[in-house]
Amino acid sequence: MSQTSGFGPDLAEVFGPAQRDGGPELVQLLTPEGERVHHAEFDLDFSADQVRGFYRDMVLTRRIDTEATALQRHGELGIWAQLLGQEAAQIGAGRALRPQDHVFPTYREHGVAWCRGLDPLRLLGLFRGVDHGAWDPEEFHFGLYTIVIGAQTLHATGYAMGMQRDGVVGTGDPDRDAAVVAHFGDGASSQGDVNEAFIFAASYNAPVVFFCQNNQWAISEPIERQTRIPLYQRALGFGFPGIRVDGNDVLATYAVMQAALQRAREGQGPTLVEAYTYRMGAHTTTDDPTRYRLSDDVEHWKLKDPIERVRVYLRRNGLADADFLDAVQEEADQLGATLREGCKAMPDPQPLAIFDHVYAEMTEELAAQRDGFAAYLSSFDDARQEA
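Residues numbered from 1 in each chain as written. Predicted model: local features only at pLDDT ≥ 70, side-chain atom pairs only at ≥ 80, totals over all residues. Heavy atoms only, no water.

*Asks:* Before we go on, may I ask you to explain the overall build of the protein chain in this structure?
*Replies:* Helix and strand counts for the protein chain come out as 14 helices and seven strands. Across its three principal directions, the C-alpha atoms of the protein chain cover 75 × 50 × 50 Å. Pairs at least 24 residues apart make up 74% of the contacts formed inside the protein chain by residues separated by at least 6 positions. Roughly 18,200 Å² of accessible area belongs to the protein chain as shown, and the carbon and sulfur atoms make up 51% of that amount. For the protein chain, the centre of its 34 positive side-chain charges and the centre of its 58 negative side-chain charges are spaced 4 Å apart. (Helix = DSSP H or I, 4+ residues; strand = E, 2+ residues; numbered from the N terminus. Contact = heavy atoms within 4.5 Å. Areas by Shrake-Rupley, 256 points an atom, 1.4 Å probe, with all protein chains shown as cover. Lys, Arg positive; Asp, Glu negative; His and termini not counted. Charge placed at Lys NZ, Arg CZ, Asp CG, Glu CD.)

*Asks:* Please clarify how a negative patch on the surface should be interpreted in this entry.
*Replies:* On the surface, a cluster of negative charge is made up of Asp321, Asp323, Asp326 and Glu330. You can call aspartate 321 partly exposed: its relative accessible area is 42%. (Patch = residues over 30% accessible without salt bridge, like charges linked within 9 Å, V, L, I, M, F, W, Y side chains within 5 Å. Salt bridge = Lys/Arg side-chain N within 4 Å of Asp/Glu carboxyl O. Buried < 20%, exposed > 50% of the residue type's maximum accessible area, 1.4 Å probe, protein only.)

*Asks:* Hey, could you run me through the sheet that holds strand β7 (residues 271-276) in this one?
*Replies:* Paired through their backbone hydrogen bonds, the strands of a sheet run either parallel or antiparallel. Within the open sheet, the five strands sit side by side as β1-β2-β3-β7-β6. Their pairing is parallel. Strands with a single pairing partner mark the edges of an open sheet, and in this sheet they are β1 (102-104) and β6 (242-246). Strand-to-strand, the axes of this sheet are offset by a mean angle of 20°, without reference to chain direction. With five bridges connecting them, β6 and β7 associate as parallel partners. Across the sheet, residue valine 245 finds its bridge partner in β7, namely alanine 275. (Pairing = 2+ DSSP bridges. Axes fitted to C-alpha atoms, helices over the stretch in contact; angles between N-to-C directions.)

*Asks:* What is the right way to look at helix α8 (residues 192-204) in this model?
*Replies:* Within an α-helix, residues lying three or four positions from one another point in the same direction, as the helix has 3.6 residues per turn. Between its first and last C-alpha, α8 extends 18 Å over 13 residues, near the 18 Å set by a 1.5 Å rise per residue. Along α8, the residues that are buried comprise Val194, Ala197, Phe198 and Ala201. For α8, the buried positions fall inside an angular range of 105° around the axis, keeping them on one side. Of the surrounding secondary structure, the elements contacted by the buried residues of α8 are α7 (151-166), β2 (180-185), β3 (208-214), α9 (234-238) and β7. Looking one or two residues beyond α8, the residue adopting positive phi is asparagine 205, at roughly 55°. (Expected span 1.5 Å × (residues − 1). Arc of directions from axis to C-beta.)

*Asks:* How do you make sense of the packing of aromatic side chains when you look at a structure like this?
*Replies:* The geometry of an aromatic ring pair is captured by the separation of the ring centres together with the interplanar angle, meaning the angle of the planes. Under the criterion given, the structure shown has 22 aromatic pairs. Between phenylalanine 127 and tyrosine 145, the aromatic rings sit 6.2 Å apart at their centres with planes inclined by 70°, giving edge-to-face as the arrangement. Here phenylalanine 127, found in helix α5 (residues 120-128), pairs with tyrosine 145, found in the loop between α6 (137-140) and α7; they are 18 residues apart in sequence, far enough to count as distant. Classification of tyrosine 145 by relative accessible area gives buried; the value is 10%. Plain terms: the ring middles of tryptophan 217 and tyrosine 292 are 5.2 Å apart, the flat faces sit at 50° to each other, and that makes the pair tilted. Pair noted here: tryptophan 217 is in strand β4 (residues 217-218) and tyrosine 292 is in the loop between β7 and α11 (295-302), with a separation of 75 residues, a long-range link. Owing to a relative accessible area of 11%, tryptophan 217 belongs among the buried residues under this scheme. A connected cluster of aromatic rings, assembled from ring pairs, spans Trp80, Phe127, Trp135, Phe142 and Tyr145. Over the ring of tryptophan 301 we find lysine 304; its NZ or CZ atom is 5.7 Å from the centre of that ring. (Phe/Tyr/Trp six-rings, centres within 6.5 Å; stacked < 30°, edge-to-face > 60°. Lys NZ or Arg CZ within 6 Å of the ring centre and 35° of its normal.)

*Asks:* Where do I start with the nonpolar core in this structure?
*Replies:* Nonpolar side chains tend toward joint burial in soluble globular proteins. Grouped together as the largest cluster of nonpolar side chains are 69 residues, with contacts concentrated most on Leu124, Phe142, Met257 and Val273. Looking at which element gives the most residues to this core, the answer is helix α10 (residues 250-265), with 10 residues. If we skip the residues at most four places from it in the chain, phenylalanine 142 touches His102, Val103, Pro105, Glu109, Val112, Ala113, Arg116, Leu118, Trp135 and Pro137. By size, the runner-up hydrophobic cluster in this structure holds 25 residues, among which are Met163, Ala188, Ala197 and Ala206. (Core = buried A, V, L, I, M, F, W, Y, C linked by side-chain atoms within 4.5 Å.)

*Asks:* Explanation requested: the packing of helix α2 (residues 48-73) against α10 in the structure shown.
*Replies:* Geometry of a packed helix pair, given as the angle between the helix axes and the separation of the axes. Running from N to C, α2 and α10 cross one another at 105°; their axes reach a closest spacing of 11 Å. Between α2 and α10, the angle is such that the two are roughly perpendicular. Seen from α2, the contacting residues are Gln50, Val51, Phe54 and Met58; seen from α10, they are Val250, Leu251 and Tyr254. For the contact of α2 with α10, the residue count by class is six nonpolar, one polar and no charged. (Parallel < 35°, antiparallel > 145°, perpendicular 65-115°, else oblique. Nonpolar A, V, L, I, M, F, W, Y, C, P; charged D, E, K, R; others polar.)

*Asks:* I would appreciate a short explanation of the environment of proline 241 in the present structure.
*Replies:* The residue proline 241 is located in the loop between α9 and β6 in this model. On the accessibility criterion, proline 241 (31% relative accessible area) is partly exposed. For the pair formed by proline 241 and arginine 95, sequence separation is 146 residues and the distance between their alpha carbons is 22 Å. Setting aside residues up to four positions removed in sequence, proline 241 forms contacts with Ala235, Arg263, Pro270, Thr271 and Leu272.

*Asks:* Looking at this structure, how should I read the environment of arginine 279?
*Replies:* Among the structural elements, arginine 279 can be located in the loop between β7 and α11. The exposure class assigned to arginine 279 is buried, which follows from its relative accessible area of 0%. Spatially, the C-alpha atom of arginine 279 lies 25 Å from that of phenylalanine 198, the residues being 81 residues apart in sequence. Not counting the four nearest positions on each side in its chain, arginine 279 is found in contact with Leu84, Gln86, Arg108, Asn215, Trp217, Ile219, Asp287, Pro289, Tyr292 and Arg293. At 3.3 Å, the side chain of arginine 279 forms a polar contact with the backbone oxygen of isoleucine 219. Side-chain polar atoms of arginine 279 contact the side chain of tyrosine 292, separated by 2.4 Å. (Polar contact = N/O pair within 3.5 Å; in protein donor to acceptor, adjacent residues only side chain to side chain.)

Have a look at this one:
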């Protein structure tokens, strides 16, 4: 079907200059210049403490990211998935959660992990290869990182359906009613798992918020090669609402996610939130984004930095002084030192530990594999003794 046939939108309508910054449908409460604007549907009154808290969270999350990237470059981590530029999307979504809500992340939700109280050293342990994710998902209501692209959306939907059956949805008790968030990227939206999760969530009215961080790139593939309509509009085809929010605006992201989560907790079903943002760094530390994207695009998005717009807003309105900003920076420096020291001090894993958490109970087949591997390892000790 040609673009001139009149059947559906063409690429210029969806990704042309008028849509470059998210289009007129973008929900925004804080402009890139740090100006507070209002929205008829998603407008909240934010206290000074709340905005200062968002700022601190984003600065510390960025420090986690930059330190982990440096550790990987020095050979201390095997790989690292960067979130540079996506701090507002993650902190806004993470701080909108209640303690009883449950999160299913990808492998990049370091800011959400921070909001759930997870020690960032536990994240580094996974990327250093000393464990498979050393945290209890039930303790933090934050699942283990998922490497299989999009698989966590089905897990999240199933968990949300389980919440319905446990009677913790739509009771009217704010301390009891719970929701689920499934994080994924624009590239994952092309996966069958994600679309199947949409179908099940819609069919069963599951209390799940699908939070898509559209950072414009599925590794090296731009968003215009992935879809012919804005991603948030896909939700309508499955029978539930979708909305696009400025993912570099922590205030707007928080407001939209608060509304979507409350809708889910009340039993009104799923919502797709498209956080329109940009991946300032590489897909992972094995990626070279200079090979497939223009430096002009990166410079354009640098002007939309999520941290800088909050800093400007705080200073312009007299909500934070130099002492506060210096204190946050000092805390970030201390966090960086802790991560460097803690990462290098991690003990090497025991080789046989790989068998410990495959199944809830050890099977005969797995036990035989473990014994065979143990014998293989011991053969090296025998060889050294003979030498």
